[in-house]
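In case you want the letters, here they are:
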Amino acid sequence: MSLATDFSHRMTRHHADLLVRGGTVHTPNGAERIDIACLDGRIVALGDLSPQWQAGETIDATGLDVLPGVVDSQVHFREPGMTHKETLDAGTRGAVLGGVTTVFEMPNTQPLTLSAADLQDKLDRADGRAWCDYAFYMGGSAVNADQLDSLENRPGCAGIKVFMGSSFGDLLADEDATLRRILSHGRRRVAIHAEDEARLRDRYERVRASGDVREHPVWRDAESALNATRRIVRLAEETGRRLHILHVSTGQEMAFLAQHKNRVSVEVTPHHLSLSAPDCYERLGSLAQMNPPVRDKTHQHALWEAVRTGVVDVIGSDHAPHTLEEKAKPYPTSPSGMAGVQTLLPIMLDHVNAGRLSLARLVDLTSAGPARLFGMERKGRIAVGYDADLSIVDMEARRTISNDWIASVCGWTPYDGVCVRGWPMHTIIRGRTVVRDGGLCNATPCGEPVRFLEADAQTHQA
């Protein structure tokens, strides 16, 4: 019997691999009390499916909210080259424990992800080891700028990532001529780390002399971020390229970007929405150190206003772990970055319960938004024909985040000891339950590369 015939035969018998019953399901129609039938990795029916549907596995979601699978479109899983602080296995395990079903991983590994061979190496490493679905960014630089239109369309590529600051070697692209070449080769949206490298170098002596981590947002000031953002937007207008500005951290940038939404999408992180200076540096020291920095509440309020008014398109964790030993180095030799993929959803659910945003808005920021911006195939919504990626949460559950819960190799979180209301209970990847009642329940990782509509269309045209 062919796969298509077998699929049709089982459909007429109303058989599913998985039924999710009784939950409040967040569909494009809004929140509905309905059931979900999943077969062969896809959603095949929605509605009151009892008693005509049967399944090999059933999840009772009564009292729970069923969200489209959460997408974290900015993670650094450090493999290859820095597996002492993170791996694809541990990073994706943390993702699914936190309710995340898809991740986009960044190119600043060792070696850097700059060629087709580099990308294929990461895909090979993820095969059979990733607990969630995945794609990998290609780094945009002077050494590969002229090949980017081809590289960005390779299977498993999330797009191009450019570091205007805070990087090293071939991955740093801080000159207009290089940036113009990168933007001129390709069509997909380019992700940007926007900090002004020249200004950072000029101001470095200030923090080197002080050794005070509280100076981090003074060294990497709002002007360094705004200058770089203005510059890359101008170059994008010249070249006709679309941009995605990562981890926007200042009110000035948000005001500027609100005037350029025709070409630019915007990301914020839970860290910038949840932590603020100087308190975070006084409590956490260099554990709160990231680039761009966590800033004061004036900027944080502006970020929340941008979430409220729709300027922000997605939330990404910027999961970028380092070991506690590395973080203990004297500032500014201490590295920037913190774990975040596993805490993204719990922290944001707590913000929902605090009234800072609606659950529907969170769904758009973490599911529909990334799928729309990046052209993800069959992702981002609970609808018939889409991948059965589900993040099932208990909005009333109260939990305390702890270092012991963190799956990352680094073993720590800046939210250790933080009590939240709202918790991921079940995580489903293409119809396979990998987390049930908050714990891993499947011994075999089932992640696969994400497919992208725009990349596939351009590949076929070529």
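Presented here is an overview of the structure given in this document.

Description of the pattern of salt bridges
- If you walk through the whole model with that rule in mind, you get 38 salt bridges.
- Where E105 meets K122, a salt bridge forms, and the shortest distance between an N and an O atom there is 2.8 Å. With a gap of 17 residues between them, E105 in strand β7 (residues 100–105) and K122 in helix α3 (residues 116–126) connect regions that are remote in the sequence. With respect to burial, E105 and K122 carry one shared label: buried.
- The network of salt bridges with common partners includes R42, D133, E377, R378, K379, D387, D389, R430, E448 and R451.

Structural notes on the nonpolar core
- I232 and L243 are the most contacted members of the largest nonpolar core, which totals 74 residues.
- Ignoring sequence-local partners within four residues, the contact set of I232 consists of M164, L179, L183, I192, L243 and I245.

Brief notes about the packing of helix α14 (residues 344–353) against helix α15 (residues 359–374)
- It is at 10 Å that the axes of α14 and α15 come closest, and there the two elements cross at 150°. By the criterion of interaxial angle, the relationship of α14 to α15 is roughly antiparallel. When the axes of α14 and α15 are compared, the crossing they make is right-handed. In this structure, α14 contributes L344, L345, M348, L349 and V352 to the contact, and α15 contributes L359, L362 and T366.
- Class assignment of the residues belonging to the contact of α14 with α15 gives a composition of 7 nonpolar, 1 polar and no charged.

Considering the sheet that holds strand β10 (residues 190–193)
- Reading across the sheet, the 8 strands line up as β6-β7-β8-β9-β10-β11-β12-β13 and stay open at both edges, with parallel pairing between neighbours. On the outer flanks of this sheet lie β6 (70–75) and β13 (314–315), each paired with one strand and no other.
- Of the pairings in the sheet, the one linking β7 to strand β8 (residues 133–139) comprises 4 bridges and is parallel in character. The residue of β8 that forms the bridge with V103 is Y134.
- Each of β7, β8 and β9 (157–163) touches α3; the most contacted strand, β8, lies at about 160° to it.

So, unusual backbone geometry
- Across the junction of S50 and P51, the peptide omega takes the value 5°, indicating a cis bond.
- Look at the link from Q110 to P111: it is a cis peptide, with omega at 10°.
- When you line up the elements, P111 lands in the loop between β7 and α3.
- The backbone of D40 shows a phi angle near 55°, a positive value even though the residue is not glycine.
- Relative to the helices and strands, D40 is located in the loop between β2 (30–39) and β3 (42–47).

Some points on the pairing of β6
- Judged by how many residues are buried, β6 sits mostly within the fold: 6 of 6 residues are covered.
- The pairing of β6 with β7 spans 4 bridges and is parallel. Bridge assignment links V71 to a residue of β7, and that residue is T102.
- Following the backbone out of β6, through helix α2 (residues 88–97) and into the adjacent parallel β7, one traces a crossover that is right-handed.

Rules and cut-offs
- Residues numbered from 1 in each chain as written.
- Predicted model: local features only at pLDDT ≥ 70, side-chain atom pairs only at ≥ 80, totals over all residues.
- Heavy atoms only, no water.
- Salt bridge = Lys/Arg side-chain N within 4 Å of Asp/Glu carboxyl O.
- Helix = DSSP H or I, 4+ residues; strand = E, 2+ residues; numbered from the N terminus.
- Buried < 20%, exposed > 50% of the residue type's maximum accessible area, 1.4 Å probe, protein only.
- Core = buried A, V, L, I, M, F, W, Y, C linked by side-chain atoms within 4.5 Å.
- Contact = heavy atoms within 4.5 Å.
- Axes fitted to C-alpha atoms, helices over the stretch in contact; angles between N-to-C directions.
- Parallel < 35°, antiparallel > 145°, perpendicular 65-115°, else oblique.
- Left-handed = near helix turned anticlockwise from the far one by under 90°.
- Nonpolar A, V, L, I, M, F, W, Y, C, P; charged D, E, K, R; others polar.
- Pairing = 2+ DSSP bridges.
- Right-handed = clockwise from strand over helix to strand, strands pointing away.

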